[in-house]
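# Notes for the structure review
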Amino acid sequence: MTFPANWQTRRARFSFSRRDVRGADAPLASATKDGVSLRSDLDFSVWNPDSNVSNYKLVEPDDFVIGLRSFQHGISHSAVRGIVSPAYTVLRSAGDLDPRFFKHYFRSSLLISHLANVTQGIRQGQAIDIEAFQNLPMPVPPLEEQRRIADFLNAETARIDLLVRKRQAQHSLIDERAYAHVSETLIPGILTHPLERGPWPWLPAVSSVHPLVRLGYICRIQNGLTVDGKRDVTGDVLTRPYLRVANVQAGYVNLDSVAEITVPRAVASRSTLRPGDVLMTEGGDLDKLGRGTVWNGELPNCLHQNHIFALRVDESRLDGHYLALMTQTVHGRCYFESTGSRTTNLASTNSSKILSFPVPLPPVAKQQALVREVNTKLDCVRRAKERLTTQLDLLSERRQALITAAVTGQFDVATASGRNVTDGVSA
């Protein structure tokens, strides 16, 4: 790529020095796609070491960190003082560089493409070759221009990030509205008139026309197969696709990656799914525990793992799609969250608790009418979410294109407003 004539091009080794200060008294930090953050500030869990962190490296404000995922999202800028994994590389910029400019450059498509060329290993073992990184050419505008570009990008990316947060908030509100609609349609009054007493205090008064019936009276559970590498697979055996826990998501079945297994014919016959079965996973995140998904026979003769329950309903009394939606109501969430067995990060249920789940039971024709009503609303929700997702993707693309165009000198930020400045330039 050609940079403006008044810009220098300098190898990274002459612009950034490696820092290796250890044994500092500072909080744990991690390099993420959004920069270096203290682990205590992250909203997701990160593996923490034992009490001995004497080998960890000090990172300070305006340092940069090459982490384990930098080849995917760029090099992380630090706004905090902390200690990071000894597997990370800590960099400090030279005195004639504005770290704010390189905060953006290190997230540009150009730099990420360069990092891809100096990354070694495959899959989870990929890592950036630091010696090769130090030989990468870096654009170095005059210091005043670095500052102008940094000021411009700080303002413009903040504006885009605000739009992103608003779209994400809309996405969450749509999900909440859908959740409320499903709950109130299937169980009128659950949001407005809970009894607040009895074994299920979140439920409203139960109608005698739609009595509560425990699931065990209107369906049975089929247990899946145990994956056992020592099982004898000689003789009368079959090779079939089978569902793992990763395939069963909240509200849908993900068939992007389906494994196969060879088992005796008798084992296959006991764990073959049928269209209409309602799938539930034994364990997972607490807020997803007990969520039902209907199997529609997408793969013929498909088996399921023992960590997935297949609920086979009595079709004369219960509609499978009605049951799956019922698990997604306030009633379903409260029941499975209150009865689930919890560990530090996960929760689990069992067949007894599933069969004890109390279901309001109108006639099957009424159940099917409610399912159609709910699905009509959920189709509208799905379309709205797709539009929001498209907008978020476009905002992300624009943000990346704007950064790359600015830090490579494809337009003059002194005269740009941030609007339409990336027309005709590449990301």
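Our subject in this report is the structure included herewith. Everything quoted here is computed from the prediction, not taken from an experiment.

## Side note on the overall build of the chain
Assigned secondary structure in the chain consists of 10 helices and 26 strands. Taken over C-alpha atoms, the radius of gyration comes to 28 Å for the chain, far larger than the 22 Å a tight globule of 427 residues would show. Overall, the C-alpha framework of the chain stretches about 80 × 55 × 45 Å when taken along its three principal axes. Counting over 427 residues, the chain shows a buried share of 44%. If you sum the accessible surface of the chain, you get close to 21,800 Å²; carbon and sulfur atoms cover 50% of it. Here the chain contributes 50 positively and 43 negatively charged side chains, and the mean placements of these two sets differ by 2 Å.

## As for the environment of Pro204
Mapping Pro204 onto the fold places it in the loop between α5 (143-186) and β13 (212-214). Here the alpha-carbon distance between Pro204 and Thr262, two residues 58 residues apart in the chain, equals 48 Å. When near neighbours in sequence (up to four residues on either side) are disregarded, Pro204 contacts Ile187, Pro188, Gly189, Ile190, His193, Pro194 and Leu195.

## Description of the packing of aromatic side chains
Each aromatic ring pair is characterised by the separation of its centres together with the angle its planes make. Taken as a whole and assessed by the stated rule, the structure comprises 14 aromatic pairs. Residues Phe101 and Phe102 carry aromatic rings whose centres are separated by 5.0 Å and whose planes lie at 80° to one another, so their mutual orientation is edge-to-face. A single burial state applies to Phe101 and to Phe102, both of which are buried. Consider the rings of Tyr335 and Phe357, whose centres lie 5.1 Å apart with planes at 45°: the pair is tilted. Here the residue Tyr335 occupies a position in helix α8 (residues 330-339), and Phe357 occupies one in the loop between α9 (351-355) and β26 (358-360), the gap between them amounting to 22 residues. Phe357 carries the same exposure label as Tyr335, and that label is buried. Cluster of aromatic residues (ring-pair linked, three or more members): Phe3, Trp7, Phe16, Phe64, Phe101, Phe102, Tyr105 and Phe106.

## Section: the sheet that holds strand β19 (residues 278-281)
Spatially, β14-β23-β19-β21 is the arrangement adopted by the 4 strands of the open sheet, whose pairing is antiparallel. The sheet terminates laterally at β14 (219-222) and β21 (293-294), the two strands that pair on one side only. Here β19 pairs with β21 via 2 bridges, running antiparallel. Paired with Leu279 across the two strands is Thr293, which belongs to β21.

## Structural notes on the pattern of salt bridges
For the coordinates displayed, the defined rule picks out 19 salt bridges. In this structure, the salt-bridge partner of Asp20 is Arg22, at a minimum N-O distance of 2.6 Å. Note that Arg399 and Asp161 form a salt bridge whose closest N and O atoms lie 2.9 Å from each other. Separated by 238 residues along the polypeptide, Arg399 in helix α10 (residues 364-407) and Asp161 in helix α5 bring together distant segments of the chain. Owing to a relative accessible area of 27%, Arg399 belongs among the partly exposed residues under this scheme. We classify Asp161 as partly exposed; its relative accessible area is 24%. Here the salt bridges share partners, and the residues they tie into one network are Arg19, Glu60, Asp63, Arg81 and Arg92.

The rules behind the values
Residues numbered from 1 in each chain as written. Predicted model: local features only at pLDDT ≥ 70, side-chain atom pairs only at ≥ 80, totals over all residues. Heavy atoms only, no water. Helix = DSSP H or I, 4+ residues; strand = E, 2+ residues; numbered from the N terminus. Rg over C-alpha atoms; globule rule 2.2 N^0.38 Å. Buried < 20%, exposed > 50% of the residue type's maximum accessible area, 1.4 Å probe, protein only. Areas by Shrake-Rupley, 256 points an atom, 1.4 Å probe, with all protein chains shown as cover. Lys, Arg positive; Asp, Glu negative; His and termini not counted. Charge placed at Lys NZ, Arg CZ, Asp CG, Glu CD. Contact = heavy atoms within 4.5 Å. Phe/Tyr/Trp six-rings, centres within 6.5 Å; stacked < 30°, edge-to-face > 60°. Pairing = 2+ DSSP bridges. Salt bridge = Lys/Arg side-chain N within 4 Å of Asp/Glu carboxyl O.

Keep in mind that these numbers describe shape and distance, not what the molecule does.
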